[in-house]
Amino acid sequence: SPNGKERFAKDLKEIVDEMADLQEKKDEIKNPFNLDGIKISREIYRLNREAEKVNGKLNFAMVKEPDKGLLRFSKDGDVGLTKEGGVCCQVSKGVVMEYHILGRFSISSVDRD
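This text gives an overview of the structure that appears in the document. (Residues numbered from 1 in each chain as written. Predicted model: local features only at pLDDT ≥ 70, side-chain atom pairs only at ≥ 80, totals over all residues. Heavy atoms only, no water.)

**Describing the overall build of the protein chain**
Alright, step 1. Helix and strand counts for the protein chain stand at 2 helices and 4 strands.
Alright, step 2. Ordered by position from the N terminus, the helices and strands of the protein chain form the series α-α-β-β-β-β.
Alright, step 3. Total accessible area on the protein chain stands at roughly 9,000 Å², and carbon and sulfur atoms take up 54% of it. (Helix = DSSP H or I, 4+ residues; strand = E, 2+ residues; numbered from the N terminus. Areas by Shrake-Rupley, 256 points an atom, 1.4 Å probe, with all protein chains shown as cover.)

Okay, here's the thing in C-alpha cells:
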C-alpha cells in the first residue's frame, strides 16, 4: 500500500484532473444562467475545497515523513536531521526504509552570571 505522501499526491492529482475536465465542460456552456453550468461551478468549488484539504494533509505528511534527500545523516545512517531541526529515525516498512520525525532539535545560547 502506498504511504501517506504518495496516496495524498495521487488523490490531489485526481481532484485537479476532475476540476480541469469540469472547467472544460463549463467553458462550452455559453449561457451564464444555464443550470448545468451552475451545477458544474458548484462542483468545481467543492472539489477546490477538497483539494485544499488533501494538500494540507500532503504537506503534513511531507513534514512527518521527509524524503531522504532532505536529511543530513549520522555516520551510521540511522538518524537524520532536517533543515528545520526535525530529528528523524529510520523505520522499516516491509522492504522500504522511511524516516519519521521524532521531534525538534534546537540550540540556544545561555547567559551565565
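From this point, the narrative continues.
**Things to note about the environment of G37**
Alright, step 1. Tracing the chain through its elements places G37 in helix α2 (residues 35-64).
Alright, step 2. As for G37 and K26, which are separated by 11 residues in sequence, their C-alpha atoms are 5.5 Å apart.
Alright, step 3. Filtering out sequence-adjacent residues up to four positions away, G37 remains in contact with K26 and I29. (Contact = heavy atoms within 4.5 Å.)

**A few points about a positive patch on the surface**
Alright, step 1. On the surface, a cluster of positive charge is contributed by R7, R49, K53 and K57.
Alright, step 2. In terms of residue count, α2 provides more of the positive patch than any other element does, 3 residues in total.
Alright, step 3. Positionally, R7 belongs in helix α1 (residues 4-28).
Alright, step 4. Judged by its relative accessible area of 39%, R7 is partly exposed. (Patch = residues over 30% accessible without salt bridge, like charges linked within 9 Å, V, L, I, M, F, W, Y side chains within 5 Å. Salt bridge = Lys/Arg side-chain N within 4 Å of Asp/Glu carboxyl O. Lys, Arg positive; Asp, Glu negative; His and termini not counted. Charge placed at Lys NZ, Arg CZ, Asp CG, Glu CD. Buried < 20%, exposed > 50% of the residue type's maximum accessible area, 1.4 Å probe, protein only.)

**Section: α1**
Alright, step 1. Between its first and last C-alpha, α1 extends 37 Å over 25 residues, near the 36 Å set by a 1.5 Å rise per residue.
Alright, step 2. G4, K5, F8, L12, I15, M19 and L22 are the residues of α1 that are buried. (Expected span 1.5 Å × (residues − 1).)

**Re the pattern of salt bridges**
Alright, step 1. Applying the stated rule across the entire model yields 3 salt bridges.
Alright, step 2. Close ionic contact of E14 with K10 constitutes a salt bridge, the shortest N to O distance being 3.0 Å. Of this pair, E14 and K10 both sit in helix α1, 4 residues apart, which is roughly one turn of the helix.
Alright, step 3. When its relative accessible area of 44% is taken as the criterion, E14 is described as partly exposed.
Alright, step 4. In this structure, D17 and K13 form a salt bridge, with 2.7 Å as the shortest nitrogen-oxygen distance. With D17 and K13 both in helix α1 and 4 residues apart, this pair spans about one turn of that helix.
Alright, step 5. With a relative accessible area of 36%, D17 lands in the partly exposed category.

**Some words on a negative patch on the surface**
Alright, step 1. Among the surface-exposed residues, E18, D21, E24, D27 and E28 lie close enough to one another that they form a single negatively charged patch.
Alright, step 2. In this fold, E28 is placed in helix α1.

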